[in-house]
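# Structure assessment
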Amino acid sequence: MHHGFREHIRACRARGAAVPAFTAYDLATATGVVTAAERAGVPVILLVSPSTAATRYGHGLVRSLRALADASSAPVAVQLDHATDLALIRDTVEAGAHAVLADGSREGYQANLDFVRAVRRQLDDDVIVEAELGRIDGNEDVARSTDGHGAALTDPDEAARFADATGVDLLAVSVGNVHGFYRGVPVLDLERLAKIAAATDVPLVLHGASGLPSDVVTAAIDIGVCKINVNTELRRTVFAHLEEATPAHAVGLDLDSLLAGWTEATAVTAAETIASFRGDHRPATHSGAAPTHRS
Ligand code: 13P
């Protein structure tokens, strides 16, 4: 499933849905996500955290995810998430990743732009490059509640200039979304999101979907978000499964059954997420049914 994933993102946007992207630290979770995508018949992205990619097994995991993607009946892409290191990006793409988030958002505008351009130059045209403009608050791998005060919100005019200057495929925005748990009720600046969507045609990405009410997610999709990242929610599912299922399987030290349940639990959560991103609505095959949320 190497070629053509850009087309799946475009098609999702055209029908008013978003491609879900789930972080996978392991194969049991990734298999659950792919199972959910196959059951719904929709495209999905498997995200690899840079901290995972940089471990001794990082390469092996990316290769395995790629094999899982290639064998899937649903369109599946593998993406290195939040990468700040050019060498790690190169190695991960070589191991089979279809996409990267070249994340210069901790730097200033110009340094971010230079980094994204350098990444774009290094990679083949068929590798999808996402950038992040503004800075999303919170921790990508460890859930803590965050109120978003460490964030820098995306400026709509800058977003348009940045997208033009870099030619990125996808742009992640910071509009009140955070990684990890939201402290208090999450509030997204949908007005800002709408201004960004009006200023640029680049497909927009919403990170930090765990904990967002589904009407907020739907509103973001209607404005033009067409890829949404989810991590914490799946980790919560995994830990809940382990807590519940471990005592029974511990008797026989039955790891196979524990992992099978792990995969099914993540498939169920992923299916709910896919549905809330409108991914379970099949593309219209007859004229007149196309969504009209964007002109
Ligand atoms: P959450 O952990 O808040 O779902 O965020 C995931 C994410 O944005 C990964 O890039």
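Residues numbered from 1 in each chain as written. Predicted model: local features only at pLDDT ≥ 70, side-chain atom pairs only at ≥ 80, totals over all residues. Heavy atoms only, no water.

### Here's the deal with the confidence of the model for the chain
To be explicit about the condition: The predictor attaches a confidence to each residue, and that confidence, scored 0 to 100, is pLDDT. When checking whether two residues touch, look at their non-hydrogen atoms; a contact exists if any pair is within 4.5 Å.
Confidence along the chain averages 92 in pLDDT terms, with 94% of residues attaining 70 or more. Every residue in residues 283-295 scores below 50 in pLDDT, and together they form 14 contacts with partners more than four places removed in sequence or on other chains.

### What to know about the sheet that holds strand β5 (residues 128-133)
Note: strands within a sheet are paired through backbone hydrogen bonds, in either parallel or antiparallel orientation. Short version of the rule: Strands qualify as paired when DSSP identifies two bridges or more between them. In this description a helix means any DSSP run of H or I spanning at least four residues, a strand means any run of E spanning at least two, and both kinds are numbered starting from the N terminus. Interaxial angle, 0 to 180 degrees, is taken between N-to-C directions of lines fitted to C-alpha atoms, where a helix line uses only the stretch in contact.
Strands sit in the order β1-β2-β3-β4-β5-β7-β9-β10 around a closed barrel of eight strands; the barrel is parallel. Adjacent strand axes in the sheet meet at a mean angle of 30°, parallel and antiparallel pairs treated alike. As judged from the three bridges shared by strand β9 (residues 204-206) and strand β10 (residues 225-230), these two strands associate in the parallel manner. Residue pairing in the sheet places Leu-206 in a bridge with Ile-228 of β10. Strands in contact with helix α5 (residues 86-94) are β3 (76-83) and β4 (99-102); relative to β3, the strand with the most contacts, it is inclined by about 170°. Taken strand by strand, helix α7 (residues 156-166) contacts β5 and β7 (170-173), and its axis lies near 155° from that of β5.

### What about the pairing of β4?
What counts here: Here the term buried applies to any residue with accessible area under 20% of the maximum for its type, exposed to any over 50%, and partly exposed to those in between, with areas from a 1.4 Å probe on protein chains only. Looking down the strands as they point away from the viewer, one classifies a crossover as right-handed if the path from the first strand across the helix to the second runs clockwise.
The two faces of β4 match: Ala-99 and Leu-101 on one face and Val-100 and Ala-102 on the other face are all buried. Summarising the sheet, β3 and β4 pair through three bridges and their orientation is parallel. Its bridge partner being in β4, Leu-80 is matched across the sheet by Val-100. Assessed by its sense of winding, the connection that carries the chain from β3 through α5 to β4 is right-handed. Relative to β5, β4 is paired through four bridges, and the arrangement is parallel. If you follow Ala-102 over to β5, its bridge partner there is Ala-131. Crossover connection from β4 via helix α6 (residues 109-122) to parallel β5: handedness right-handed.

### Some thoughts on helix α1 (residues 5-14)
Basically, it comes down to this: The directions from the helix axis to the C-beta atoms are what the arc is built from.
Turning to α1, its buried residues number three or more, namely Phe-5, Ile-9, Cys-12 and Arg-13. Seen from one end, α1 has its buried residues packed into an arc of 100°, which puts them on one side. For α1, the secondary structure elements touched by its buried residues are β1 (19-23), β2 (44-48), β3, β5, β7 and β10.

### So, the site of the ligand
Here is the rule we go by: It suffices for a single heavy atom of a residue to lie within 4 Å of a molecule or strand for the residue to be listed as near it. Whenever two N or O atoms come within 3.5 Å, that pair is a polar contact, provided that in protein one can donate a hydrogen and the other can accept it, and provided that, for residues adjacent in sequence, both atoms are side-chain atoms. Accessible surface is estimated by sampling points in the Shrake-Rupley manner with a 1.4 Å probe; for residues, cover comes only from the protein chains shown.
Neighbouring the ligand are 13 residues; Asp-81, Gly-208, Ser-210, Asn-231 and Thr-232 lie closest to it. Within the side chain of His-82, an N or O atom sits 3.3 Å from an oxygen atom of the ligand. When the ligand sits alone it has 310 Å² of accessible area, and the protein chains cover 100% of it. Elements with a contribution of two residues or more to the shell around the ligand: β3 and β10.

### Regarding the nonpolar core
Put simply, the test is: Residue types Ala, Val, Leu, Ile, Met, Phe, Trp, Tyr and Cys, when buried and joined through side-chain atoms within 4.5 Å, form a set referred to as a nonpolar core.
With 69 residues, the main nonpolar core has Ile-89, Leu-204 and Ile-228 as its most contacted residues. Top element by residues in this core is helix α2 (residues 27-40). It accounts for six residues. Ignoring anything within four residues of it in the chain, the contact list for Leu-204 reads Leu-171, Val-173, Leu-193, Ile-196, Ala-197, Gly-224, Val-225, Cys-226 and Lys-227. Counting 15 residues, the second largest nonpolar core, distinct from the first, contains Phe-5, Ala-17, Val-19 and Cys-226.

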